[in-house]
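Survey of secondary and tertiary structure
Listed here are the chains, written in short residue letters.
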Amino acid sequence: MAGPRCPARARAVGGAQPHVRERGAGLGGGGSRLSAGGGMGFRGLRVLHSALRLVAEAGGGQRRFSTRPARVPRMEYQDAIRTLNTLQTNASYLEQVKRERGDPQVQLEAMKGFLERSGLKVEDLDQLNIIHVTGTKGKGSTCAFTERILRNYGLKTGFYSSPHLVQVRERIRINGQPISKELFSKYFWQVYNRLEETKDSGHAGMPAYFRFLTIMAFHVFLQEKVDLAVVEVGIGGAYDCTNIIRKPIVCGVSSLGIDHTSILGDTIEKIAWQKGGIFKPGVPAFTVPQPERPLEVLRERARESPCPLYLCPDLDAFEEDDKALQLGLAGEHQRSNATLALQLSRAWLQQQGYQGTGEQKDLQPGAELLSKRPVPLAPAFRPSSSMVQGLQDTEWLGRNQVLQHGPVTWFIDGAHTTSSVQACVRWFRQAALNEEKPVDGSEVRVLLFNATGDRDTAALLKLLLPCRFDYAVFCPNFTEVSAVGNADQQNFNVTLENMLTRCLENQKKWNRLMEEKVGQDLWLSPPMQMEGVGGRLKPAPLRSPLLFVPSSERPLNSNSLVFPCISHALQWITQGRDPHFQAPATKGLHLHPVAGTGAVLLKEAAAIRVLVTGSLHLVGGVLKLLDQSLSQ
């Protein structure tokens, strides 16, 4: 049975181009049915096309903007970002990629060429005392732990990571803080102009977006005279552009899994081979417990280098019986990242001749057997006070983050692989369980999801079913329908229409999963009745994943919605009840029963729990809207 069908207004999908978008209206699960064959059915196409047309009409026609901004004398931060964005679709780079595809080693040679044209040599990077970290999941968190620990020793730290959440300058940090807009502009134009001046027929134009930022980060760290640089690999390792580093102090490999298969390979062994490509002769490397076969691949890569490779013990080995280590990042999976960070930090300090790096502990029972593994176990030690405090003080936005905004609680995690989504589900279920329960029991759970790239979204969504969401909301990674003036979040590699199509496909996959789930559970369920104004279903002790949708007499696809941007999705989810989110004025609205029913329930619920996951870019857009200080 459905809740009261009070019509409410929802916003439509809109905009044919990511940088030329206006406002529109929401798509309900029932109104955007897709064909069973996996493509978009007639109704889905009609909804999408009409929504795009509404956007064009709302914007007064098809206005077009050049992706290349006018150059102004002052060279402000936004000018730098807009110019940087033109490297996302650099035509000469696309041709260059086609030429290099057959020989990835050529990509590293090209990167060295760009570095030299910018005024640096590969040898110059040796001065940075680099900690180089790769992995499928947890490499960013590992870097954040490592940087915070070493900063506690009074060291001036550099930290290069990707992607950014709100502003591009987050990728290049000094002492844990994104470099200022002034510093970003200074170094951007310094590097960009040098590369422009050295273009000729013998050089392949400008480096692409990530290559450019990597080169720029090296310039920043060298000229700002950091004591060390923690460098996170972009994708893979062996052929990643960060791998022009010749002599890091220590290397790390976080948990391995399946991701970026079109680039790295379709098996975990192939991916492990790529990750092990960062190992350098004689440079110690550490990894966390891995499945047997990828661990064997890492061991072979270390032998080829050759370099010593060690397996990190569990965090338990570093803890005293009566004193557990406190981590600044939530989630049980962060313990693996923390133990890797402890080993990387200690190895760096010892290589640099520092004292006070922690007293080595006696071998634990059974450690003798572990030491006979193909990859030897690194010794556990008693972390110094600087290490203990560093682990506790680590912050890394968008990873297992909780924001309490009045009756709305946001659970934010950028998980985007099978293993990381599994970890996210464990964290969310535990964190939601720890939240204070409403006296009247009126809690609504909402999933806000998007995924990019070649990821298997059906598999990711299936993992989220145990969270028992009442509504699933899908939207592209654009904060607003119009991204003009928001250069930090522009993406010229995809169109809004393509992203909306994918959102509709994700919605269809979710609806099918819900139908299958209910089909499996129905025969176990007692008869259900409406209860109270909110339309909740009895019996109360059983939390149904379909509290607010009709019975199985018709397709169970009406508990999901698609919105054209994050702002519109948040506006519907919060219903004006989040004091930190200022919803913009809207126009071009239309009625939709699904959005209307949900609006009533969301307005009346004592507590709204929202999980945001599937994409770090989605997470960044949500944080930008919920925390205005991140945009300053």
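Each remark here, short or long, concerns the structure printed above.
Computed from a predicted model, the values in this text were never measured in an experiment.

Between the first and last C-alpha of helix α14 (residues 418–434) there are 25 Å, a value that for 17 residues agrees with the 24 Å anticipated at 1.5 Å per step. Of the positions making up α14, those classed as buried are Ser419, Ser420, Val421, Ala423, Cys424, Val425, Trp427, Phe428, Ala431 and Ala432. Along its buried surface, α14 packs onto β13 (401–405), β14 (408–412), β15 (443–449), α15 (457–464) and β21 (607–613).

Scanning the entire structure with this criterion turns up 19 salt bridges. The salt bridge involving glutamate 196 is made with lysine 199; its shortest N-O contact spans 3.5 Å. Judged by its relative accessible area of 30%, glutamate 196 is partly exposed. In this structure, glutamate 443 and arginine 445 form a salt bridge, with 3.0 Å as the shortest nitrogen-oxygen distance. By relative accessible area, which is 6% here, glutamate 443 ends up buried. Here arginine 445 falls in the buried class, since its relative accessible area comes to 12%. Each member of the salt-bridge network shares a partner with another, and the members are Glu296, Arg299, Glu300 and Arg303.

Our next topic: the packing of helix α2 (residues 77–85) against helix α6 (residues 181–197). Between α2 and α6, the least distance of the axes is 9 Å, while the angle of their chain directions is 45°. On the basis of the axis angle, α2 is oblique to α6. The crossing of α2 and α6 is left-handed. Between α2, through Tyr77, Asp79, Ala80, Ile81, Thr83 and Leu84, and α6, the contact on the second element is made entirely by Lys181, Phe184, Ser185, Phe188, Trp189 and Tyr192. Taken together, the residues that form the contact of α2 with α6 break down as 8 nonpolar, 2 polar and 2 charged.

Another aspect to go through is the sheet that holds strand β7 (residues 228–232). Taken in spatial order, the 8 strands make up an open sheet running β6-β5-β4-β7-β3-β8-β9-β10, and their pairing is mixed. Strand pairing shows two members of the sheet lacking a second neighbour, β6 (177–178) and β10 (309–311), which therefore form its edges. Pairing geometry for strand β9 (residues 285–287) and β10, over 3 bridges, is parallel. Within the sheet, the bridge partner assigned to threonine 287 lies in β10 and is leucine 311. Lying over the sheet, helix α10 (residues 292–304) contacts β8 (250–253), β9 and β10, oriented at roughly 150° with respect to β10.

Moving on: the packing of aromatic side chains. The final tally for this structure, using the stated rule, is 19 aromatic pairs. Seen from their ring centres, phenylalanine 188 and tyrosine 192 are 5.4 Å apart, and the 20° between their planes marks the pair as stacked. In this pair, phenylalanine 188 and tyrosine 192 are both assigned in helix α6, 4 residues apart and thus about one turn of the helix distant. Both residues of the pair, phenylalanine 188 and tyrosine 192, count as buried. Three or more aromatic residues joined by ring pairs make a cluster, and in this case those are Tyr77, Phe184, Phe188, Trp189, Tyr192 and Phe212. The ring of tryptophan 273 carries the charged tip of arginine 301 above its face, separated from the ring centre by 3.7 Å. Between arginine 346 and the ring centre of phenylalanine 381, over which it is positioned, the NZ or CZ distance is 4.3 Å.

The subject of this paragraph is the side chain of glutamine 343. With respect to the helices, strands and loops of the structure, glutamine 343 is situated in helix α11 (residues 334–351). Looking at glutamine 343, the relative accessible area reads 3%, which means it is buried. When residues no more than four places from it in sequence are discounted, the contact partners of glutamine 343 are Phe286, Cys312, Pro313, Phe318, Ala378, Pro379 and Phe381.

Procedures and definitions
- Residues numbered from 1 in each chain as written.
- Predicted model: local features only at pLDDT ≥ 70, side-chain atom pairs only at ≥ 80, totals over all residues.
- Heavy atoms only, no water.
- Helix = DSSP H or I, 4+ residues; strand = E, 2+ residues; numbered from the N terminus.
- Expected span 1.5 Å × (residues − 1).
- Buried < 20%, exposed > 50% of the residue type's maximum accessible area, 1.4 Å probe, protein only.
- Contact = heavy atoms within 4.5 Å.
- Salt bridge = Lys/Arg side-chain N within 4 Å of Asp/Glu carboxyl O.
- Axes fitted to C-alpha atoms, helices over the stretch in contact; angles between N-to-C directions.
- Parallel < 35°, antiparallel > 145°, perpendicular 65-115°, else oblique.
- Left-handed = near helix turned anticlockwise from the far one by under 90°.
- Nonpolar A, V, L, I, M, F, W, Y, C, P; charged D, E, K, R; others polar.
- Pairing = 2+ DSSP bridges.
- Phe/Tyr/Trp six-rings, centres within 6.5 Å; stacked < 30°, edge-to-face > 60°.
- Lys NZ or Arg CZ within 6 Å of the ring centre and 35° of its normal.

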